Amino acid sequence: MVGAAGDGPKRTILFLLVPNFSMIAFANAIEPLRIANRIVGREIYRWRLASTDGAAVAASNGIACAVSSSLDAERRNLVSGSRPSMIFACSGIFVEEFEDKPVFSYLREAHQRGISVGGLCTGAWILARAGLLSGRKCAIHWENLAGFAEAFPMVEVYADLFEIDHNIYTCAGGTAALDMMLALIREDLGDGAVNRVCEQVITDRVRGSHDRQRLPLKARLGVQHAKVVRAIEIMEANLADPLSLAEIAYHVGLSRRQVERLFEREMGLSPARYYLEMRLDRARHLLRQSQLPIVEIAIACGFVSASHFAKCYRELYDRSPQQERANRLKKAASPA
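Residues numbered from 1 in each chain as written. Predicted model: local features only at pLDDT ≥ 70, side-chain atom pairs only at ≥ 80, totals over all residues. Heavy atoms only, no water.

Where an unreviewed UniProt entry is consulted, the protein appears under the name GlxA family transcriptional regulator, with the organism given as Jiella avicenniae.

Next up, the structure:
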């Protein structure tokens, strides 16, 4: 175990809560720390919560969480004995609309002073806006990955559970926050403590940082035929420059007609229609998560023109790309 009974905490962690933060990621980050303290029998980890103004912050589920500190107070703490050893930006939905220069400045200053910084769920977006992720590896929730990659091309973003790049910690949110904290606890206290924490939270294994975020395609789509799964994997890897059905058929070792019959049987629609809907789904994520011009989104999703993209989008979603973006901005601006 770490230190003697009279020692102070090994880590003091600040959780900076942003409106609409993910409660599940936040809870999965704090609870293993609490349990580790209980197992060891002393305060190895200490934490406090802060918001920009010191007021309670509403999570995306509408529950308001009280905090004990403000950004101004934490800025003063950087040069006092109360400085944290780690800072996590906790965010969730609508993070693309978060523009707070004092927060970005604070995170940069903390990082310059040697404090580890991190992000839970979509917190990597905030770190990137603060200029802390250029040339770094990070993880973000799979639903936000496309928009993030377009907004921050200099960042190495992965669909991993979590990434630890030197003193920058990011995770995909949800239960991935638990996995990242277990990695932290293992570093501090060893495998024995991690195993006991796992027993307390009723999880039977510790997932690695590079474990997948989403279910395998077979489980996610309920598809059993290996050739169909492989064809969909090829489609997912070629959204910006769509392949022809003949090319896809060649790569899976079937004829075009065989691929068509398999898709009709397994998916209930043609491969061309499935491919189109996959590209439109990516476009919808980009419309909601980025400020890219609509014509650039059309190109990024494999459409030859904005007008063709708009026509297909309206046919599937019963609204135009412009309406999708306007509706998303309206939701982001409304109170939680």
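S.K.: Go over the overall build of the protein with me, naming the residues and quoting the values.
M.R.: When helices and strands are counted, the protein shows 15 helices and eleven strands. Taken over the C-alpha atoms alone, the protein extends approximately 75 × 40 × 35 Å along its principal axes. A burial count over the protein gives 50% of its 336 residues as buried. Sequence-distant contacts in the protein: of pairs separated by 6 or more residues, those separated by 24 or more amount to 65%. Entry remark: accessible area of the protein is about 15700 Å², with carbon and sulfur atoms responsible for 50%. (Helix = DSSP H or I, 4+ residues; strand = E, 2+ residues; numbered from the N terminus. Buried < 20%, exposed > 50% of the residue type's maximum accessible area, 1.4 Å probe, protein only. Contact = heavy atoms within 4.5 Å. Areas by Shrake-Rupley, 256 points an atom, 1.4 Å probe, with all protein chains shown as cover.)

S.K.: Which residues make up the pairing of strand E6 (residues 86-90), and what values do they have?
M.R.: With five of five residues buried, E6 lies mostly within the body of the structure. Burial along E6 is two-sided: Met86, Phe88 and Cys90 facing one way and Ile87 and Ala89 facing the other are all buried. Pairing between strand E1 (residues 11-17) and E6: five bridges, direction parallel. The partner of Ile13 across the bridge, within E6, is Met86. Inspection of the sheet shows E6 paired to strand E7 (residues 116-120) by five bridges, in the parallel sense. By the bridge assignment, Met86 is partnered in E7 with Ser116. (Pairing = 2+ DSSP bridges.)

S.K.: Tell me about helix H10 (residues 245-252), and please be specific about residues and values.
M.R.: Where H10 is concerned, the buried positions are Leu245, Ile248, Ala249 and Val252. The buried side chains of H10 occupy one side of the element, clustering within an arc of 100° when seen end-on. In the core, the buried residues of H10 are packed alongside helix H9 (226-236), helix H11 (256-266) and helix H12 (271-289). Just downstream of H10, Gly253 is the residue with a positive phi angle, here 75°. (Arc of directions from axis to C-beta.)

S.K.: Explain the UniProt feature "domain: HTH araC/xylS-type" (unreviewed entry) in the protein to me, and be specific about the residues and the numbers.
M.R.: The feature "domain: HTH araC/xylS-type" (unreviewed entry), as given by UniProt, occupies residues 229-327 in the numbering adopted here. With 73% helix and 0% strand, the stretch residues 229-327 has end C-alpha atoms that lie 34 Å from each other. (UniProt positions renumbered as here; feature names shortened; annotations may be inferred.)

S.K.: Account for the pattern of salt bridges, naming residues and giving values.
M.R.: Per the stated rule, a full pass over the model turns up 21 salt bridges. In this structure, the salt-bridge partner of Glu266 is Arg265, at a minimum N-O distance of 3.4 Å. Since its relative accessible area comes to 27%, Glu266 is described here as partly exposed. A relative accessible area of 58% places Arg265 in the exposed class. Note that Arg288 is salt-bridged to Glu324, the shortest N-O span being 3.3 Å. (Salt bridge = Lys/Arg side-chain N within 4 Å of Asp/Glu carboxyl O.)

S.K.: How would you explain the state of the cysteines if you had to name every residue and give the values?
M.R.: On inspection of all chains with the given rule, the structure shows zero disulfides. The thiol of Cys198 is not disulfide-bonded; the next cysteine sulfur, from Cys171, is found 16 Å away. Just so you know, Cys301 is unpaired, no disulfide at all, and the nearest cysteine sulfur is the one on Cys312, 12 Å from it. Exposure remark for Cys301: the relative accessible area of 0% places this residue in the buried category. (Disulfide = S-S within 2.5 Å.)

S.K.: So what about the nonpolar core? Which residues, and what values?
M.R.: Counting residues in each nonpolar core, the largest one holds 44 residues, and the members touching the most others are Phe15, Leu17, Phe26, Phe88 and Leu120. Of all the secondary structure elements, the ones that give two or more residues to this core are E1, helix H1 (23-40), strand E2 (45-51), E6, strand E11 (168-171), helix H6 (176-189) and helix H7 (191-200). Of all the elements, H6 adds the most residues to this core, at ten residues. If we skip the residues at most four places from it in the chain, Phe88 touches Ile13, Leu14, Phe15, Leu16, Gly118, Gly119, Leu120, Tyr169, Met180 and Met181. (Core = buried A, V, L, I, M, F, W, Y, C linked by side-chain atoms within 4.5 Å.)

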